[in-house]
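# Overview (structure and organization)
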Amino acid sequence: MIETPSLVDQYCHGVLRTELGLGTFEAHLARTEGPAASGTTFFDTQTGFAVRRWCPPLLGLEPHCAPAHYLARRRELGVLEAGRRLLRGSGITTYLVDTGLPGDLTGPGEMATTGAAEAHEVIRLELLAEQVADTSGTVESFLANLAESVHGASANAVAFTSVAGVRHGLALAPEPPGPGEVRGAAGRWLAGRRVGGELSDPVLLRHLLWIAVASGLPLQLHAGLGEPGLRIDRTDPVLLTDFARATAGLGTDLVLLHGYPYHRHAAHLAGVFSHVYADLGASMVRTGARAAAVLAEILELAPFGKLLFSSGAHGLPELHVVGARLFRESLARVLGTWVAEGAWSLADAQRVAGLIAAGNARRVYGLE
């Protein structure tokens with residue numbers, strides 16, 4: 001039996017503090033632009049089935065119970081107790097929490113307390129830039145404050161994360177923009193921006209990436225499936241090839257988040273560049289009963305010291321549970337088959353499982 005007693009969830013978000021009705025809960029099972037089609041439900045997805053398989057036993061119910069029965073039990077326990085049981089039942093011992101999403105979400109401290117685990121903050125670059133812009137009156141002050149804020153954030157965070165692929169696409173020019181180019185872009189953005197306005201200018205996105213690279217902290221880059229309605233052809237991680245080449249040797253690791261359905265491309269880049277890592281991410285949650293097949297495809301190309309587990313979970317503690325359980329089950333199934341066939345030794349399979357589950361993340365993020 002392949003065991004992974006410790007899991008480092010190297011990319012996730014906090015969980016909602018509010019009680020959820022059926023419709024609100026269901027909406028968090030799928031990333032779409034609207035509700036389920038008339039007469040259908042998002043519980044009838046791989047994610048929905050996985051929630052019904054793995055989460056009810058943690059709340060004292062039978063696996064695969066009806067959604068209404070599950071949610072009634074969840075309300076009976078209350079959001080705090082249900083969250084505590086779910087997170088502590090996930091087997092995750094360390095959370096790296098991206099605090100850059102809006103909503104009434106728990107932060108790293110609450111995640112640690114609720115889940116009886118360690119937790120560390122991941123800073124979202126674009127939100128940081130937007131907060132700086134809200135309080136900077138001129139282009140010069142914005143650029144100076146931005147550099148200072150990124151530097152200050154690096155003292156306490158374990159990584160930076162960027163949604164440049166979501167905001168613009170990953171086909172950005174790989175080199176850092178020049179000072180004049182940056183000042184011009186900042187001036188145009190600030191002049192046309194209202195407080196709270198999103199950053200999507202490609203020059204400023206590149207500028208942010210290079211400031212983060214200079215910090216030396218690992219830089220997580222979103223790729224593959226993401227926000228509802230996103231043109232995923234713009235988020236194929238292979239578009240980062242030139243940026244990966246430009247940042248080689250600078251001492252900053254790049255972690256390609258999610259990747260699916262381009263997970264083989266992410267695995268390829270992790271094999272080509274010594275500072276590039278691939279994340280299993282939300283592909284486990286999205287693909288449910290097919291997660292083992294996806295994991296096997298990632299293991300085709302990526303060196304085993306370059307793969308990291310994450311749940312990619314947001315909002316529902318159930319998604320942290322599902323991400324962790326599907327990862328464990330899939331890894332045991334895939335590696336166990338290779339051991340049974342004689343392709344791998346049991347000792348090697350156990351060692352690789354430990355690397356992907358926690359060891360690689362602890363090394364990359366300096367968590368030892």
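Up top is the structure.
In this report, the structure presented in the accompanying data block is examined. Just so you know, the residues in each chain are numbered from 1, in the order the chain's sequence is written. In keeping with the predicted nature of the model, local features appear solely for residues at pLDDT of at least 70, side-chain atom pairs appear and are counted solely at 80 or more, and the whole-chain, interface and lining totals rest on all residues. The side-chain quantities take in all heavy atoms of the structure and omit both hydrogens and water.

### Observations regarding unusual backbone geometry
- In this model, tyrosine 260 is joined to proline 261 through a cis peptide bond whose omega is 5°.
- Helix numbering and strand numbering both begin at the N terminus, where a helix is a DSSP run of H or I of at least 4 residues and a strand a DSSP run of E of at least 2. Looking at the secondary structure, you find proline 261 in the loop between strand E6 (254–258) and helix H12 (263–272).
- Backbone geometry places histidine 64, a non-glycine residue, at a positive phi of 70°.
- Note that histidine 64 resides in the loop between helix H2 (46–54) and helix H3 (67–77).
- Throughout, exposure labels follow a simple rule: accessible area from a 1.4 Å probe, protein chains only, divided by the maximum for the residue type, with under 20% read as buried, over 50% as exposed, and the rest as partly exposed. With a relative accessible area of 48%, histidine 64 lands in the partly exposed category.
- Even without glycine at this site, alanine 116 takes up a positive phi of about 50°.
- Within the secondary structure layout, alanine 116 lies in the loop between helix H5 (108–115) and strand E3 (118–124).

### Considerations on the packing of helix H4 (residues 79–89) against H5
- Across the interface, H4 lies against H5 with an axial gap of 8 Å and an inter-helix angle of 80°. Classified by the angle their axes make, H4 and H5 are roughly perpendicular. Facing Gly83, Arg84, Leu87 and Arg88 of H4, the residues of H5 in contact are Met111, Thr113, Thr114 and Gly115. Orientation is described by axes fitted as lines to C-alpha atoms, over the contacting stretch for helices, and by angles from 0 to 180 degrees between their N-to-C directions. Between 65 and 115 degrees an angle is taken as roughly perpendicular, under 35 as roughly parallel, over 145 as roughly antiparallel, and anywhere else as oblique. Residue contacts are defined here by distance: any two heavy atoms, one from each residue, within 4.5 Å place the two residues in contact.

### A few points about helix H6 (residues 125–134)
- Of all ten residues that make up H6, seven are buried, and the element is covered over most of its length.
- Buried within H6 are the following residues: Leu125, Glu126, Leu128, Ala129, Glu130, Val132 and Ala133.

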